[in-house]
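Understanding the architecture of this molecule
One-letter residues, chain by chain:
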Amino acid sequence: MDHLLDRLNSPIWQSCLVAGIGLALLVLRRYRTGWPFLLIAAAWLYLCSTPAFVGLMRDNLESPYPYSPASTYPIVDAIVVFGGDGMPDPKTDWTADPNRISRNRLGFAYQLYRAGRAPIMVLSANKGGAIKMARILETKGLPKAALRVERQADSTYQNALYSSRILKQEKLGRVLLVTSPYHMPRALAVLREQDIDATPAPTMPQVKPTIEGNAWLPHRSALLRSHTYLHEYLGLFAYGLCGWT
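Residues numbered from 1 in each chain as written. Predicted model: local features only at pLDDT ≥ 70, side-chain atom pairs only at ≥ 80, totals over all residues. Heavy atoms only, no water.

**Observations concerning the side chain of Gln 111**
Examined against the element boundaries, Gln 111 turns out to sit in helix H6 (residues 105-114). Here the side chain of Gln 111 touches Pro 98 through a polar contact of 3.1 Å, landing on its backbone oxygen. (Helix = DSSP H or I, 4+ residues; strand = E, 2+ residues; numbered from the N terminus. Polar contact = N/O pair within 3.5 Å; in protein donor to acceptor, adjacent residues only side chain to side chain.)

**Some remarks on the nonpolar core**
Grouped together as the largest cluster of nonpolar side chains are 28 residues, with contacts concentrated most on Ile 79, Leu 112, Met 121, Leu 123, Leu 137 and Val 178. Among the secondary structure elements, those contributing two or more residues to this core are strand S1 (78-82), H6, strand S2 (120-124), helix H7 (129-139) and strand S4 (174-178). Those residues in contact with Leu 112 that lie beyond four places of it in its chain are Ala 70, Tyr 73, Ile 79, Arg 117, Leu 176, Val 178 and Ala 201. Ile 120, Tyr 162, Ile 166 and Met 184 belong to the second largest nonpolar core, which has 24 residues in total. (Core = buried A, V, L, I, M, F, W, Y, C linked by side-chain atoms within 4.5 Å. Buried < 20%, exposed > 50% of the residue type's maximum accessible area, 1.4 Å probe, protein only. Contact = heavy atoms within 4.5 Å.)

**Digging into the packing of aromatic side chains**
In this structure the tally under the stated criterion is 7 aromatic pairs. A ring pair is formed by Trp 44 and Phe 53, whose centres lie 5.9 Å apart and whose planes are at 80 degrees; its orientation type is edge-to-face. Trp 44 gets classed as partly exposed once you look at its relative accessible area, which sits at 26%. With relative accessibility at 19%, the residue Phe 53 sits in the buried group. A centroid spacing of 5.5 Å and a plane angle of 55 degrees characterise the contact between Tyr 67 and Phe 108, whose relative ring orientation is tilted. With Tyr 67 in the loop between helix H4 (51-62) and S1 and Phe 108 in helix H6, this residue pair connects regions lying 41 residues apart in the sequence. Of the residues examined, Tyr 67 reaches a relative accessible area of 25% and is grouped as partly exposed. On the accessibility criterion, Phe 108 (0% relative accessible area) is buried. Each residue in the set Tyr 67, Tyr 73 and Phe 108 is aromatic and connected to the rest through ring pairs, giving one cluster. The aromatic ring of Tyr 239 is capped on one face by Arg 186, whose charged end is 5.1 Å from the ring centroid. (Phe/Tyr/Trp six-rings, centres within 6.5 Å; stacked < 30°, edge-to-face > 60°. Lys NZ or Arg CZ within 6 Å of the ring centre and 35° of its normal.)

**Considerations on the pattern of salt bridges**
Inspection of every chain in the model, using the stated rule, returns 6 salt bridges. A salt bridge links Asp 85 to Arg 105; the shortest N-O distance between them is 4.0 Å. Of the two residues, Asp 85 is situated in the loop between S1 and helix H5 (98-102) and Arg 105 in helix H6; the sequence distance between them amounts to 20 residues. A residue is classified by how much of its surface remains accessible, and Asp 85, at 27% relative accessible area, is partly exposed. The salt bridge involving Glu 232 is made with Arg 186; its shortest N-O contact spans 3.0 Å. Separated by 46 residues along the polypeptide, Glu 232 in helix H10 (residues 220-242) and Arg 186 in helix H9 (residues 184-192) bring together distant segments of the chain. Each member of the pair Glu 232 and Arg 186 is classed as buried. (Salt bridge = Lys/Arg side-chain N within 4 Å of Asp/Glu carboxyl O.)

**Regarding the packing of helix H8 (residues 156-169) against H9**
Between H8 and H9, the shortest axis-to-axis distance is 9 Å and the interhelical angle comes to 35 degrees. Crossing angle aside, the handedness with which H8 passes H9 is right-handed. Of the residues in H9, those touching H8 at Thr 156, Tyr 157 and Ala 160 are Arg 186, Ala 187, Val 190 and Leu 191. (Axes fitted to C-alpha atoms, helices over the stretch in contact; angles between N-to-C directions. Left-handed = near helix turned anticlockwise from the far one by under 90°.)

**With respect to H4**
Here H4 spans 16 Å end to end across 12 residues, near enough to the 16 Å set by a 1.5 Å rise per residue. Across the 12 residues that make up H4, a large majority, 9, are buried. When H4 is considered as a whole, its buried residues turn out to be Pro 51, Ala 52, Phe 53, Val 54, Gly 55, Met 57, Arg 58, Leu 61 and Glu 62. Considering only its buried residues, H4 is in contact with helix H3 (31-47), H9 and H10. (Expected span 1.5 Å × (residues − 1).)

Here it is, written out as structure tokens:
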């Protein structure tokens, strides 16, 4: 499902598809229908290129899940981490710059563990990602016995499905879910659908880019960032249709 979303979340691809339909209608001399399709395609590409509109997309996803320091969370049975945003350098001192580490999923999960929020951590990622996360945490002093590695997942839905099996097998009922704030709406919904009592523990949001000039003027960086947020909106819609949330 997520691989299909990767193809659909590009506003350029979306606009080309809508424009193609419009051109086909014009060829068929259906002008009253064709021209609106072309205008919609142009308007959508414009909006997804503006920092103002992309900022609204981001805020709508992230604002329900504000960041809180690790020490403020309740003590639970386990910390669940959904991979997908890269990993902090294990050779650096993670305590030297807590804010930088808290912007990373693995880094914030590490902070939660060190704050005594849970004795177990479930790491879910594919393509060897979960194994790599576990090795990094071990170099940072976390005991191997505290780590559970889930390496089959190839989508957010599978992250939740396979992680929940580990949790239920070990009777770990209450968890903190760690992921990026923009990803939290979909990740939390699908994990709770697996009958897991999950509390959202989003990472610290990434620093918002500074855009000089009018925020309603197109900017390349905004167009690139819109892919990420469109992926989440489409994912929420698709998962809802599938009954996964």
